[in-house]
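Now for the letters of each chain:
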Amino acid sequence: ETGVTQSPTHLIKTRGQQVTLRCSSQSGHNTVSWYQQALGQGPQFIFQYYREEENGRGNFPPRFSGLQFPNYSSELNVNALELDDSALYLCASSLEQRGVPTDTQYFGPGTRLTVL
Amino acid sequence: AQTVTQSQPEMSVQEAETVTLSCTYDTSESDYYLFWYKQPPSRQMILVIRQEAYKQQNATENRFSVNFQKAAKSFSLKISDSQLGDAAMYFCAYRSPSGGSNYKLTFGKGTLLTVNP
């Protein structure tokens, strides 16, 4: 069973640029959630995709957008980067079914984004 | 909105001893899920233990156990026979039940655990 993978591991961008982060879900999982973890803080929920549709969004501006593909891999796109976007970005996958007790989210190793 | 509070920014324990990490949460829901995740310096968030609110029995996983007090909205993690590999940041997390809401996790700010040899 393949775990959750993310790419790239590290990324350095300058303010105003755009960035795309990628996540490959664990085999058999249909849901991907993205989290932003600032230094010394707990992860904050950005948004979630369930069967290729957005299934909830946290308190993040529209310049944070995402996609989930038929193979359930996912992308997080951030436009017009700001200094405060510097953080560890985590994705987590799970197998969810409506009306069925929740499954556990399994995390990838994260992408460290630095905005200069 | 649900909130999760970890009141201990840092804790330390001697190797082979027992340590308890605290977590409280606020919710108006009656059914939910609670988790403890461990994040070592490698950054990978690893599930330690999970508790369903409808279960009265406290979850255990080898050296890890929880004390779940639903009325008090408390969910502490006990680590027995601490090992050097247990050193990490520990996060308590809350999740709403499926059906109607999304599946997001709400995290506390974490407790940094140091294990002294």
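An account of the accompanying structure is given in this report. These figures come from a predicted structure and were not determined experimentally.

Looking only at helices and strands, one finds 0 helices and 12 strands in chain B. If you list the helices and strands of chain B from N to C, you get β-β-β-β-β-β-β-β-β-β-β-β. In terms of overall dimensions, chain B is globule-like: its C-alpha atoms have a radius of gyration of 14 Å, near the 13 Å expected for 117 residues. Here the contacts in chain B between residues at least 6 apart in sequence split such that 55% fall between residues at least 24 apart. By element, 46% of the accessible surface of chain B is carried by carbon and sulfur atoms, the whole surface being about 5,500 Å².

Residue and element names in this part refer to chain A. Across the sheet, 4 strands lie side by side as β1-β3-β8-β7; this open sheet has antiparallel pairing. Two strands in the sheet have a free side with no partner beyond their single neighbour: β1 (5-7) and β7 (64-68). Taking each pair of neighbouring strands and ignoring which way they run, the sheet shows an average axis angle of 20 degrees. Summarising the sheet, β1 and strand β3 (residues 19-24) pair through 3 bridges and their orientation is antiparallel. Its bridge partner being in β3, Thr5 is matched across the sheet by Ser24.

Counting buried positions over the 5 residues of strand β8 (residues 74-78) of chain A gives 5, a clear majority of the element. Where β7 of chain A hands over to β8 of chain A, the hairpin turn is made up of 5 residues, of which Tyr72 of chain A adopts a positive phi near 75 degrees.

Our focus in this paragraph is the interface of chain A and chain B. Counting residues at the interface gives 33 residues for chain A and 20 residues for chain B. Of the roughly 2,200 Å² buried where chain A meets chain B, counting both sides, 49% is carbon and sulfur surface. Between chain A and chain B we count 0 salt bridges in total. There are 8 residue pairs in polar contact (both at pLDDT 80 or more) connecting chain A and chain B. Elements that contribute at least two residues to the side of chain A that touches chain B include exactly β4 (31-37), β5 (44-50), β6 (53-57), β9 (87-94) and β11 (111-115) of chain A. For the side of chain A that touches chain B, the per-class residue count stands at 10 nonpolar, 18 polar and 5 charged.

On to the nonpolar core, then. Among the nonpolar cores identified, the biggest contains 25 residues, and Tyr25, Trp36, Phe75, Leu77 and Tyr90 of chain B are the most heavily contacted of them. The set of elements that each furnish at least two residues to this core consists of β3 (19-21), β5 (33-39), β6 (46-52), β8 (64-69), β9 (74-79), β10 (88-95) and β12 (111-116) of chain B. Leaving out residues up to four positions away in the same chain, Tyr25 of chain B has contacts with Thr3, Val4, Tyr32, Leu34, Phe68, Gln69, Lys70, Lys73, Ser74, Phe75 and Tyr94 of chain B. Counting 20 residues, the second largest nonpolar core, distinct from the first, contains Val32, Phe47, Leu81 and Cys91 of chain A.

In this section: the pattern of salt bridges. Once the charged atoms of two side chains with opposite charge are near each other, the side chains can pair. All names here are of chain A. Taken as a whole, this structure holds 8 salt bridges over all chains when the rule is applied. A salt bridge links Glu75 to Arg22; the shortest N-O distance between them is 3.5 Å. Remark: Arg22 occurs in strand β3 and Glu75 occurs in strand β8; sequence separation between them is 53 residues. Judged by relative accessible area, which is 43%, Arg22 ranks as partly exposed.

This brings us to the state of the cysteines. Taken as a whole and assessed by the stated rule, the structure comprises 2 disulfides over all chains. Residue Cys23 of chain A pairs covalently with Cys91 of chain A via a disulfide, S to S 1.9 Å. Residues Cys23 of chain A and Cys91 of chain A are joined by a disulfide whose S-S torsion is about 70 degrees; by sign, that bridge is right-handed. With Cys23 of chain A in strand β3 and Cys91 of chain A in strand β9, the pair connects residues that are 68 residues apart, well separated along the chain. Among the residues examined, Cys23 of chain A registers a relative accessible area of 3% and is labelled buried. A residue is classified by how much of its surface remains accessible, and Cys91 of chain A, at 0% relative accessible area, is buried. Between the sulfur atoms of Cys23 of chain B and its disulfide mate Cys92 of chain B the distance is 2.0 Å. Residues Cys23 of chain B and Cys92 of chain B are joined by a disulfide whose S-S torsion is about -70 degrees; by sign, that bridge is left-handed. One end of the pair, Cys23 of chain B, is in the loop between β3 and β4 (24-26); the other, Cys92 of chain B, is in strand β10, with 69 residues separating them in the sequence. Relative accessible area serves as the criterion here: at 0%, Cys92 of chain B is assigned to the buried category.

Parameters and conventions
- Chains are numbered independently. Their residues run from 1 in the order of the written sequence.
- Lettering of chains starts at A and numbering of ligands starts at 1, both following the order in which they are written.
- Only residues with pLDDT of at least 70 get local features here, since the model is predicted, and only at 80 or more are side-chain atom pairs given and counted; chain-wide, interface and lining totals rely on the full set of residues.
- Excluding hydrogens and water, the side-chain values take into account all heavy atoms of the structure.
- Put simply, DSSP marks the helices as runs of H or I at least four residues long and the strands as runs of E at least two long, and each gets a number from the N terminus on.
- Atoms counted for the radius of gyration: C-alpha only. Globule rule: 2.2 Å times residue count to the power 0.38.
- Residue contacts are defined here by distance: any two heavy atoms, one from each residue, within 4.5 Å place the two residues in contact.
- The Shrake-Rupley method, run with a 1.4 Å probe sphere, supplies the accessible areas, and residue values consider only the shown protein chains as cover.
- We call two strands paired when DSSP finds no fewer than two bridges between them.
- Throughout, an axis means a line fitted to C-alpha atoms (over the contacting stretch in the case of helices), and angles, computed between N-to-C directions, take values from 0 to 180 degrees.
- With a 1.4 Å probe rolled over the protein chains alone, any residue whose accessible area is under 20% of its type maximum counts as buried; one over 50% counts as exposed, and the rest are partly exposed.
- In short, buried area is how much 1.4 Å probe accessible area vanishes from two parts on joining, totalled over both.
- Salt bridge, as applied in this entry: a Lys or Arg side-chain nitrogen positioned within 4 Å of an Asp or Glu carboxyl oxygen.
- Throughout this description, a polar contact denotes any pair of N or O atoms lying within 3.5 Å of each other; where both atoms belong to protein, one of them has to be capable of donating a hydrogen while the other can accept it, and for residues adjacent in sequence the pair is counted only when both atoms sit in side chains.
- Each residue is assigned to one class: nonpolar for Ala, Val, Leu, Ile, Met, Phe, Trp, Tyr, Cys and Pro, charged for Asp, Glu, Lys and Arg, and polar for all the others, Gly among them.
- Residue types Ala, Val, Leu, Ile, Met, Phe, Trp, Tyr and Cys, when buried and joined through side-chain atoms within 4.5 Å, form a set referred to as a nonpolar core.
- The criterion for a disulfide is a pair of cysteine sulfur atoms lying within 2.5 Å.

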